[in-house]
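Listed below are the residues making up each chain.
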Amino acid sequence: MKFETLAIHAGQEPDPNNGAVMTPVYLTSTYKQDGVGKPRQGYEYSRTKNPTRFALENCLAALEGGAYGLAFASGLAATDTVLRLLDADSHVLAGNDVYGGTFRLFDKVLRRFRLDFDFVDTTDPESVADALTPHTRLVWLETPTNPLLRITDIRAAAEVVHAHPNKPLLVVDNTFATPYLQRPLELGADIVVHSMTKYLGGHSDVVGGAVIVKDKGLAERLYFLQNAVGAVLGPMDSFLVLRGIKTLPLRMDRHFENAAAIADFLASHPKVEKLIYPFHESHPQYHIARRQMKNGGGMISFLVKGGREAAVRVAEATKIFTLAESLGGVESLIEVPAAMTHLSVAGSQLDVDPALVRLSVGIEHKDDLLEDLRQALDA
Ligand SMILES: *Cc1c(COP(=O)(O)O)cnc(C)c1O
């Protein structure tokens, strides 16, 4: 089946008892067993397995071209569970432009559990190769990155990582691209992670995370951790993400159509110092982006002339673009990463230029969005 069909049907059969077309929200913590130690279809307790969450997990696996999906209470809960695959004294190599919360989890929390981290420019496969150590067990990539929209060639990175004798796990945070634009498992990644809070949910009404893999042994270790650690997604949230995913292809196409028009507008605007958009020819990894992604997505960053003050002025002057953190919803958002989403990396090697403005371009009419940015830049 094609992606658009899977988005609507994968993991979601009409209810066998009454034909309900939509997956019911199974608000239950426990299940009647047919005899002692005889649960029905593996349903014993909802931390372990819940039918609404299970439908979502199967849908996610199908969309990423994987075999197993796992849903978590947030993107960071998903990330944390993946890192628990490692033993103490393992070395992790991560991109030097990963999501600020990922950096904080690695640097401020997991280091205390004797995991060792290095952050390098993963857009260059050689710097990845050079930074692998005899203790490296996991390589963490984000592409496109948040907020600089840097692109890593996943296939090239997979070759370098899998040539290492340890066979480290290659993890790709696919939040910005979504499986509609990019499927890392098909390009050699071992694990895909998502913040479903963003495009998969798509309506800014739920916080959730996901992990998807192909390998059965790896899936079993992750299911064990999901149940043992317990940061699972609730049934209502699972339902909301399932509903959001049904329109993912339509939304992503429209995000792109709007973002491409805005990128062109910003590229030639006199108050814009620099545009950053993966599907704009000025992007340093434009050709990799074109090869690896179906379209350029809805995220745009740009540097405003005049530094921090000018960036703040623009972000506070828009009327349709809402000044808010997060991204990936149907509504357009604007923010200044150095002062908002990426405050936690201030002063670190992931420090963000204070003049950077980040847009999450929504699916409103593009003329209204263009007009809004025009008046904000002129203000
Ligand atoms: C938001 C985000 C996360 C964290 O997800 P939460 O759902 O907020 O925990 C991880 N990676 C990226 C790229 C993100 O944008």
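For the structure, see preceding data.
I will try to describe carefully the structure that is included in this document. (Residues numbered from 1 in each chain as written. Predicted model: local features only at pLDDT ≥ 70, side-chain atom pairs only at ≥ 80, totals over all residues. Heavy atoms only, no water.)

## Some details on the nonpolar core
Link 1 in the chain: Ranked by internal contacts, the top residues of the largest apolar core, which has 70 residues, are Ile 262, Leu 266, Ile 300 and Leu 359.
Link 2 in the chain: In terms of residue count, helix α10 (residues 248–267) provides more of this core than any other element does, 7 residues in total.
Link 3 in the chain: Mapping this core onto the domain boundaries places at least three of its residues in each of domain 1 (3–245) and domain 2 (248–378).
Link 4 in the chain: Not counting chain neighbours up to four residues away, the residues in contact with Ile 300 comprise Leu 149, Ala 259, Ile 262, Ala 263, Leu 266, Leu 275, Ile 276, Tyr 277, Val 357, Arg 358, Leu 359 and Val 361.
Link 5 in the chain: Grouped together as the second largest cluster of nonpolar side chains are 32 residues, Leu 138, Val 211, Leu 222 and Leu 225 included. (Core = buried A, V, L, I, M, F, W, Y, C linked by side-chain atoms within 4.5 Å. Buried < 20%, exposed > 50% of the residue type's maximum accessible area, 1.4 Å probe, protein only. Helix = DSSP H or I, 4+ residues; strand = E, 2+ residues; numbered from the N terminus. Domains from an automatic or database assignment. Contact = heavy atoms within 4.5 Å.)

## Some remarks on the packing of α10 against helix α13 (residues 366–378)
Link 1 in the chain: As a packed pair, α10 and α13 sit with axes 10 Å apart at the nearest point and diverge in direction by 30°. When the axes of α10 and α13 are compared, the pair comes out roughly parallel. For the crossing formed where α10 meets α13, the hand is right-handed. The segment α10 lies against α13, with Glu 257, Asn 258, Ala 261, Ile 262, Phe 265 and Leu 266 engaging Lys 366, Leu 369, Leu 370, Leu 373, Arg 374 and Leu 377.
Link 2 in the chain: Looking at the contact of α10 with α13, its residues break down into 8 nonpolar, 1 polar and 3 charged. (Axes fitted to C-alpha atoms, helices over the stretch in contact; angles between N-to-C directions. Parallel < 35°, antiparallel > 145°, perpendicular 65-115°, else oblique. Left-handed = near helix turned anticlockwise from the far one by under 90°. Nonpolar A, V, L, I, M, F, W, Y, C, P; charged D, E, K, R; others polar.)

## A few points about helix α8 (residues 216–229)
Link 1 in the chain: Taking 1.5 Å of rise per residue, the 14 residues of α8 would be expected to cover 20 Å, and the 20 Å separating its terminal C-alpha atoms lies within 8% of that figure.
Link 2 in the chain: Listing the buried residues of α8 in full gives Leu 218, Ala 219, Leu 222, Leu 225 and Gln 226. One face of α8 carries all of its buried residues, which in axial projection span an arc of 125°. Residues of α8 that are exposed and point over 90 degrees away from its buried face: Phe 224 and Ala 228.
Link 3 in the chain: The positive-phi residue at the C-terminal boundary of α8 is Gly 230, with phi of around 95°. (Expected span 1.5 Å × (residues − 1). Arc of directions from axis to C-beta.)

## Observations regarding the sheet that holds strand β6 (residues 191–195)
Link 1 in the chain: Pairing is mixed in the open sheet, where 7 strands are placed in the order β1-β7-β6-β5-β4-β2-β3. Each having just a single partner strand, β1 (68–72) and β3 (116–120) make up the two edges of the open sheet. Averaged over all pairs of adjacent strands, the angle between strand axes in this sheet comes to 20°, irrespective of strand direction.
Link 2 in the chain: As paired elements, strand β5 (residues 169–173) and β6 share 3 bridges and run parallel to each other. Pairing of Asp 173 across the sheet is with Val 193, part of β6.
Link 3 in the chain: Lying on the sheet, helix α2 (residues 51–63) is in contact with β1 and β7 (209–213); it crosses β1 at an angle near 130°.
Link 4 in the chain: The strands touched by helix α3 (residues 75–83) are β1, β2 (91–95), β3, β4 (136–142), β5, β6 and β7; relative to β6, the strand with the most contacts, the crossing angle is about 155°. (Pairing = 2+ DSSP bridges.)

## What to know about unusual backbone geometry
Link 1 in the chain: A cis amide bond links Thr 143 with the next residue in sequence, Pro 144, at an omega value of -5°.
Link 2 in the chain: Mapped onto the elements, Pro 144 comes out in the loop between β4 and α6 (154–162).
Link 3 in the chain: Each neighbour pair has its own omega, and for Asn 146 with Pro 147 the value is 10°, a cis peptide bond.
Link 4 in the chain: If you trace the backbone, Pro 147 turns up in the loop between β4 and α6.
Link 5 in the chain: Positive phi, close to 60°, is recorded for Arg 114, a residue that is not glycine.
Link 6 in the chain: Relative to the helices and strands, Arg 114 is located in the loop between α4 (100–109) and β3.

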